[in-house]
Amino acid sequence: MFTITGETLRSIKLFSELDLTTRDLIASYCTARRFAPGQAVISQNDTSEHVHLLISGSVSVTIYAPSGKAALLQDKGAGEIIGELSAIDGKSRSAYAIANEETIAAVLSREDFVAAVIGNPTVAKNLLEKLVGDVRILSSRIFEFTTMAVANRVQAELLRLARKQSFDGNQCEILDMPTHAEIANRISSHREAVTKEINRLVKIDILEKSGRHLVVRDVDKLQSLVQSEYKAKL
């Protein structure tokens, strides 16, 4: 069984500035859980209130409509936290968090999480910055959904994926490329539109297909396409 220690929590951005003694104390209240790929770490509308600190792996935060249509909000990886909204306001879960791969999380109760935040000003500051960052990301996505054409939303999503990779000059390879259907869920569109735009970007040498991966041959050009569309809508 995986053991949560203060050293383990050093990788969690929220607690990274705390001294080892304080992290050890918080770790003593944590329980380790392992999730298989595809397993729900958090379920939409569930009334649980605990927080998950992602030690390894990653999850997709997704809302499902009654019709079954999915809208992916964000991906969260090691070092991040999920479930803090219910811990803060006591309301039911607003989305699913589904493990993309084998994922290990340190689970902290609402009471212990709130105590850690109130008792440590640096944790409170980091939590505020995290929440503000989430609002900025979601605000940007709402802007895209309501003002941009599908092709431009595909470009913006590809740019987000590219920025998570290591760059070689002005190009990068998007590893573990989502399927076209998954990208469609992220941008509120359909698979055919995603395929059409990716093929167009390949033809004009911005993208290059490499097996299951995708190479962005000209990150600056892709960024220019997205930024010009943003400016045109402002």
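Preceding this paragraph is the structure being described.
In this convention, every chain numbers its residues from 1, walking through the sequence in written order. Totals for whole chains, interfaces and linings use every residue, but because this is a predicted model, local features are given only for residues with pLDDT of at least 70 and side-chain atom pairs only at 80 or more, for both listing and counting. Where side-chain values are given, they derive from all heavy atoms of the structure, hydrogens and water being excluded.

1. Some thoughts on the sheet that holds strand β7 (residues 96-99)
Working step 1: In this scheme, strands are said to pair when DSSP sees at least two bridges between them. Here a strand is any run of E in DSSP of at least two residues, a helix any run of H or I of at least four, and the numbering for each starts at the N terminus. Spatially, the four strands line up as an open sheet ordered β2-β7-β4-β5, and their pairing is antiparallel. Pairing within the sheet leaves two strands with one partner each, and these edge strands are β2 (40-42) and β5 (70-77). For this sheet the average axis-to-axis angle between neighbouring strands, irrespective of direction, equals 35°.
Working step 2: Bridge count for strand β4 (residues 58-64) against β5 is seven bridges, and the pairing is antiparallel. For S58, the partnering residue across the bridge sits in β5 and is G77. Interaxial angles span 0 to 180 degrees and are taken between N-to-C directions of axes, which are lines fitted to C-alpha atoms, for helices over the stretch in contact.

2. Topic: the sheet that holds strand β1 (residues 31-35)
Working step 1: Spatially, four strands are ordered β1-β8-β3-β6 in an open sheet, and the strand pairing comes out antiparallel. Of all the strands in the sheet, the pair left with one neighbour each is β1 and β6 (81-82).
Working step 2: Relative to β6, strand β3 (residues 51-56) runs antiparallel, the two being bridged by two bridges. Directly across from H52, in β6, lies its bridge partner I82.

3. What about helix α4 (residues 121-147)?
Working step 1: The span you would expect from a helix comes to 1.5 Å times its residue count less one. Taking 1.5 Å per residue as the helical rise, α4 with its 27 residues ought to reach 39 Å, and the 39 Å between its terminal C-alpha atoms agrees with that figure.
Working step 2: A simple rule labels every residue: compare its accessible area, found with a 1.4 Å probe on the protein chains alone, to the largest value its type can have, and call it buried under 20%, exposed over 50%, or partly exposed in between. Turning to α4, its buried residues are V123, N126, L127, K130, D134, R141, F143 and E144.

4. Some words on the layout of surface pockets
Working step 1: Space inside and on the surface of the protein is sampled on a 1 Å grid over the protein atoms alone, with a cavity defined as a set of points where a 1.4 Å probe fits but cannot get out and a pocket as an open set with protein on both sides within 12 Å along at least 5 of 7 lines; lining residues have an atom within 4 Å of a point. Grid points are joined across faces, edges and corners, and a volume is the space filled by probe spheres set on the points. Each pocket or cavity is described by its volume, and for the largest pocket that value is around 1,200 Å³.
Working step 2: Lining the largest pocket are 42 residues, with Q74, D75, K76, K164 and R186 positioned closest to its centre.
Working step 3: Listing elements by their share of the lining of the largest pocket, those giving two or more residues are β4, β5, β7, α4, α5 (150-163) and α6 (180-187).
Working step 4: Just so you know the grouping, Ala, Val, Leu, Ile, Met, Phe, Trp, Tyr, Cys and Pro go in nonpolar, Asp, Glu, Lys and Arg go in charged, and all remaining residues, Gly too, go in polar. By residue class, the composition of the lining of the largest pocket is 13 nonpolar, 14 polar and 15 charged.
Working step 5: Of the volumes computed, that of the second largest pocket is approximately 430 Å³.

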